[in-house]
Amino acid sequence: MKVKPILVRLPDGMPERIDALVGKNKRAEFIRQAVEAELTRREKEKSGSSEK
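Residues numbered from 1 in each chain as written. Predicted model: local features only at pLDDT ≥ 70, side-chain atom pairs only at ≥ 80, totals over all residues. Heavy atoms only, no water.

Asks: I'm lost on the overall build of the protein in this one. Help?
Replies: Check the secondary structure of the protein and you find 2 helices and 0 strands. Over its C-alpha trace the protein gives a radius of gyration of 14 Å, far above what one expects of a compact globule, namely 10 Å for 52 residues. For the protein, the spread of C-alpha atoms along the three principal axes comes to 45 × 25 × 20 Å. Surface accessibility of the protein: about 5,200 Å² in total, with carbon and sulfur atoms responsible for 56%. (Helix = DSSP H or I, 4+ residues; strand = E, 2+ residues; numbered from the N terminus. Rg over C-alpha atoms; globule rule 2.2 N^0.38 Å. Areas by Shrake-Rupley, 256 points an atom, 1.4 Å probe, with all protein chains shown as cover.)

Given below as structure tokens:
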């Protein structure tokens, strides 16, 4: 997988909440999946609103 590292600032406590759910070693994967899901949702929403 080609990836580009970026810096993302998260509110205090959010990294710990992620770690509690998925484990510290899965944090980046969780964030990638969450961003991908939100992009897909917004793209679908946008394409649906442009058809009206």
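Asks: How do you make sense of the pattern of salt bridges when you look at a structure like this?
Replies: Pairs can form between side chains of opposite charge once their charged atoms are near each other. This structure, assessed with the given rule, holds 5 salt bridges. Across the pair Asp19 and Arg27 runs a salt bridge whose closest N-O atoms are separated by 2.6 Å. Here Lys26 makes a salt bridge to Glu29, at a shortest N to O gap of 3.8 Å. Take Glu29: its relative accessible area is 35%, and that puts it in the partly exposed class. (Salt bridge = Lys/Arg side-chain N within 4 Å of Asp/Glu carboxyl O. Buried < 20%, exposed > 50% of the residue type's maximum accessible area, 1.4 Å probe, protein only.)

Asks: What am I meant to see in the side chain of Asp19 here?
Replies: Within the fold, Asp19 resides in helix H1 (residues 14-22). Within the structure, the side chain of Asp19 is placed 2.6 Å from the side chain of Arg27, a separation counted as a polar contact. (Polar contact = N/O pair within 3.5 Å; in protein donor to acceptor, adjacent residues only side chain to side chain.)

Asks: I'm lost on H1 in this one. Help?
Replies: Residue pairs three or four apart in sequence face the same way in an α-helix, which turns once every 3.6 residues. Every buried residue of H1 is listed here: Pro15, Ile18 and Asp19. Looking down the long axis of H1, one finds its buried residues gathered within 100 degrees of arc, a one-sided arrangement. Opposite the packed face of H1, turned more than 90 degrees from it, sit the exposed residues Arg17, Ala20 and Leu21. Looking one or two places after H1, you find Gly23, whose phi comes out positive at around 95 degrees. (Arc of directions from axis to C-beta.)

Asks: In this structure, what is going on with the environment of Glu29? I would like to understand it.
Replies: Looking at the element boundaries, Glu29 is found in helix H2 (residues 27-50). Sequence separation between Glu29 and Met1 is 28 residues, and the spatial gap between their C-alpha atoms is 12 Å.

Asks: Got a minute to help me understand a nonpolar patch on the surface in this structure?
Replies: Nonpolar side chains collect at one region of the surface, where Ile6, Val8 and Leu10 lie side by side and expose about 280 Å² of accessible area between them. The topology assignment puts Leu10 in the segment before H1. (Patch = residues over 30% accessible without salt bridge, like charges linked within 9 Å, V, L, I, M, F, W, Y side chains within 5 Å.)

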